[in-house]
Amino acid sequence: MRYMLLIYGNEQAWESRTEQEQQENHERHGKFIAMLQERGIGRGGDALEPASTATTVRNSGEVGITDGPYAETAEQIGGYYVLEAADLDEAIAIAKQIPEPIVEVRAIAEFPDMAN
Amino acid sequence: MTRLRRFDVAEDSLQDAFVAAARVWPGQGVPARPGAWLYTTAYRRALDRVRQEEADARRLPLLITDAAPQAAAEADDDGDVPDERLRLLFACCHPALRADARAALMLRFVAGLSTAEIARLFLVPEPTMAARLTRAKAKMARAGIPLRAPSAADLPERVDVVLKVIYLIFTEGYRATAGPELTRPRLLRLLPSHTKHSGQNTRSMVPRWMPTAI
């Protein structure tokens, strides 16, 4: 079986961490990733940009895009795609082709000095 | 500015260009095209800043790399500036930004109004407007909103906000928030003379008696 492990947290607390605290957190994740690699069970993972920078795409009903994350509670996460796009416009254009009613588009955070 | 997705860098770099102008122009004289001089200086300074950040920061700066620095030299022509402004205007009303943030962004970065002036136009406290602008700028940079001329298909959903902003620019030009003059004719000159909506021309919004009207 494959499993997806979703990470939740207080974004305000994340954003207000000091440089050193962030570094320590990166190192802890580095150790975790090393453990996954050692056991050969890692299948990828990323940090996301904050939910406040999300864009929600609606493909049915009131079709269109809105600023912010998908915040309603009736629907739950049902799947995901990771893809490479030049910018948000391209990512949104592709999100519109997903045959599902609601898609939240979040940029993946880049950490150039961290080898995943 | 549309080459950078970074408003903060663009703002700081423009500031640097004005500082450089204050230093250089009194000695060497004002260049033939002051606007182009400032634009080029600011762009080069922005590139320096971004390179500097690349060296220091862990986070990858979101620099649009499709425009080679060579293009910057060609863009020295004053004639490119109105296009640049329009491109910026339409990028600021990207539908992935909240509607109330779009108009505020345009007033800040296209019309160059201060946060206090924009807050007054929207009837909100200045800190509220400052927070709204900060959040919108962060979204633009971190979500990868491109600054480029929209396609014809994008125009219908963006043109309403653009028209609203043109009207607000007119309002601020017609009755200034601060400063010695009641009107700000230079602001009114920003208004495109060819913007038409339901057959109405923005020029017609400017009273005839205004001596410095566009």
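Details of the structure are given in the entry above.
Procedures and definitions
- What you see as residue numbers is a count from 1 along each chain, following the sequence as written.
- Working convention: letters from A go to chains and numbers from 1 go to ligands, in the order in which they are written.
- For this predicted model, a pLDDT threshold of at least 70 governs which residues receive local features, and a threshold of 80 or more governs which side-chain atom pairs are given and counted, while totals over whole chains, interfaces and linings are taken from all residues.
- Hydrogen atoms and water are omitted, and side-chain values are computed over all heavy atoms in the structure.
- What counts as a helix is a DSSP run of H or I of at least four residues, what counts as a strand is a run of E of at least two, and both are numbered from the N terminus.
- Relative accessible area decides the class of each residue, using a 1.4 Å probe on protein chains only: under 20% of the type maximum gives buried, over 50% gives exposed, and in between gives partly exposed.
- Reported accessibility uses the Shrake-Rupley method at a 1.4 Å probe radius. Residues are deemed covered only where the shown protein chains occlude them.
- In summary, the pairing rule links any two rings of Phe, Tyr or Trp, Trp by its six-membered ring, whose centres are within 6.5 Å, and it sorts them by plane angle into stacked for under 30 degrees, edge-to-face for over 60 and tilted for everything else.
- Charge-over-ring placement is defined geometrically: NZ (Lys) or CZ (Arg) within 6 Å of the ring centre, and within 35 degrees of the ring normal.
- The length a helix should cover is 1.5 Å for every residue beyond the first.
- Two axes enter the definition of the bend at a residue: one is fitted to the seven residues ending there, the other to the seven starting there, and the bend is the angle between them.
- Within 3.5 Å is the distance limit for a polar contact, defined as a pair of N or O atoms, with the added protein rule that one can donate a hydrogen and the other accept it, and that residues adjacent in sequence qualify only through two side-chain atoms.
- What makes two residues a contact is simply this: any of their non-hydrogen atoms within 4.5 Å.
- Two parts placed together each lose some accessible area under a 1.4 Å probe, and the buried area is that loss summed for both.
- A side-chain nitrogen of Lys or Arg and a carboxyl oxygen of Asp or Glu constitute a salt bridge if their distance falls within 4 Å.
- As a working rule, the residues Ala, Val, Leu, Ile, Met, Phe, Trp, Tyr, Cys and Pro are called nonpolar, Asp, Glu, Lys and Arg charged, and the rest polar, with Gly in that last group.
- Two strands are counted as paired when DSSP detects at least two bridges linking them.
- As used in this record, nonpolar core signifies buried Ala, Val, Leu, Ile, Met, Phe, Trp, Tyr and Cys residues forming a set joined through side-chain atoms within 4.5 Å.
- Comment: axis = line fitted to C-alpha atoms, over the contacting stretch for helices; angle = value between 0 and 180 degrees taken between N-to-C directions.
- Throughout, the term roughly parallel applies to angles under 35 degrees, roughly antiparallel to angles over 145, roughly perpendicular to angles from 65 to 115, and oblique to all others.
- Left-handed is the label given to a crossing in which the near helix is rotated counterclockwise from the far helix by less than a right angle, and right-handed is the label when the rotation is clockwise.

### A look at the overall build of chain A
Item 1. Regarding its fold elements, chain A presents 3 helices and 3 strands.
Item 2. Secondary structure elements in chain A, listed N-terminal to C-terminal, are α-α-β-β-α-β.
Item 3. Counting every position in chain A, which comprises 116 residues, the buried fraction comes to 21%.
Item 4. Counting every atom, chain A has about 8900 Å² of accessible surface; 52% of that belongs to carbon and sulfur.

### Some thoughts on the packing of aromatic side chains
Residues and elements named next belong to chain B.
Item 1. Throughout the structure, instances matching the rule amount to 1 aromatic pair over all chains.
Item 2. Taking the centre distance of 5.1 Å and the plane angle of 65° together, the rings of W25 and W37 count as edge-to-face. One end of the pair, W25, is in helix α1 (residues 7-28); the other, W37, is in helix α2 (residues 34-56), and 12 residues separate them in sequence.
Item 3. When its relative accessible area of 18% is taken as the criterion, W25 is described as buried.
Item 4. Judged by relative accessible area, W37 falls into the partly exposed class, the value being 23%.
Item 5. R108 extends its terminal NZ or CZ atom over the ring of F109, reaching a point 5.6 Å from the ring centre.

### Describing α1 of chain B
All names here are of chain B.
Item 1. Here α1 spans 30 Å end to end across 22 residues, near enough to the 32 Å set by a 1.5 Å rise per residue.
Item 2. Of all the bends found along α1, the most pronounced is centred on A22 and spans about 30°, while P26, a proline, follows it within four residues.
Item 3. Taken residue by residue, α1 has F7, V9, A10, S13, A17, A20, A21 and W25 as its buried positions.

### Observations regarding the side chain of T40 of chain B
Residues and elements named next belong to chain B.
Item 1. With respect to the secondary-structure elements, T40 resides in helix α2.
Item 2. T40 gets classed as buried once you look at its relative accessible area, which sits at 6%.
Item 3. At 2.8 Å, the side chain of T40 and the backbone oxygen of A36 are in polar contact.

### Comments concerning the interface of chain B and chain A
Item 1. Taken together, the contact pairs 18 residues of chain B with 25 residues of chain A.
Item 2. Summed over both partners, the interface of chain B with chain A buries about 1800 Å², with 45% contributed by carbon and sulfur atoms.
Item 3. Taken together, the connections running from chain B to chain A amount to 4 salt bridges.
Item 4. The residue R135 of chain B makes a salt bridge to D67 of chain A at a minimum N-O spacing of 3.1 Å.
Item 5. Where chain B touches chain A, the interface holds 10 residue pairs in polar contact (both at pLDDT 80 or more).
Item 6. Of the residues assigned to the side of chain B that touches chain A, the class counts are 8 nonpolar, 2 polar and 8 charged.

### Quick look at the pairing of strand β2 (residues 64-67) of chain A
Along any regular strand, the residues point their side chains to alternate faces of the sheet.
Residues and elements named next belong to chain A.
Item 1. Only one face of β2 is covered, namely the one carrying I65 and D67; the face carrying G64 and T66 has none of its residues buried.
Item 2. Bridge count between strand β1 (residues 55-58) and β2: 4 bridges; the pairing is antiparallel. Bridge pairing in β2 places R58 opposite G64.
Item 3. Hairpin connection of β1 to β2: 5 residues between the antiparallel strands, including G61 at a positive phi of 65°.

### So, the nonpolar core
Item 1. With 45 residues, the main nonpolar core has L105, M106, L107, I118 and F122 of chain B as its most contacted residues.
Item 2. Every element with two or more residues in this core is listed here: α3 (88-95) and β3 (102-105) of chain A together with α4 (81-92), α5 (99-109), α6 (115-122), α7 (126-143) and α8 (155-174) of chain B.
Item 3. In contact with L105 of chain B, not counting residues within four places along its chain, are F7, C92, L97, V110, L133, A136, K137 and M140 of chain B.

### Some remarks on the packing of α5 of chain B against α7 of chain B
Residues and elements named next belong to chain B.
Item 1. Interaxial distance between α5 and α7 falls to 9 Å at its minimum, and their mutual angle equals 90°. In terms of their interaxial angle, α5 and α7 are classed as roughly perpendicular. Touching D100, A101, A104, L105, R108 and F109 of α5 are M129, R132, L133, A136, K137 and M140, all from α7.
Item 2. Residue composition of the contact of α5 with α7, by class: 8 nonpolar, no polar and 4 charged.

### So, the pattern of salt bridges
Item 1. Tallied over the full model, the rule gives 10 salt bridges over all chains.
Item 2. Two residues, D67 of chain A and K139 of chain B, come together in a salt bridge whose shortest N-O distance is 2.9 Å. Here D67 of chain A is found in strand β2, whereas its partner K139 of chain B is found in helix α7 on a different chain. Across the pair, exposure class does not vary: D67 of chain A and K139 of chain B are buried alike.
Item 3. E104 of chain A is paired through a salt bridge with R106 of chain A; the nearest N and O atoms lie 3.1 Å apart.
Item 4. Of the residues examined, R106 of chain A reaches a relative accessible area of 26% and is grouped as partly exposed.

### With respect to the packing of α5 of chain B against α6 of chain B
Residue and element names in this part refer to chain B.
Item 1. Contact geometry for α5 and α6: axes closest at 10 Å, N-to-C directions at 140°. The orientation of α5 with respect to α6, classified from their angle, is oblique. When you trace α5 past α6, the crossing you get is right-handed. Contacts between α5 and α6 pair D100, A103, A104, L107 and R108 from the former with T115, I118, L121 and F122 from the latter.

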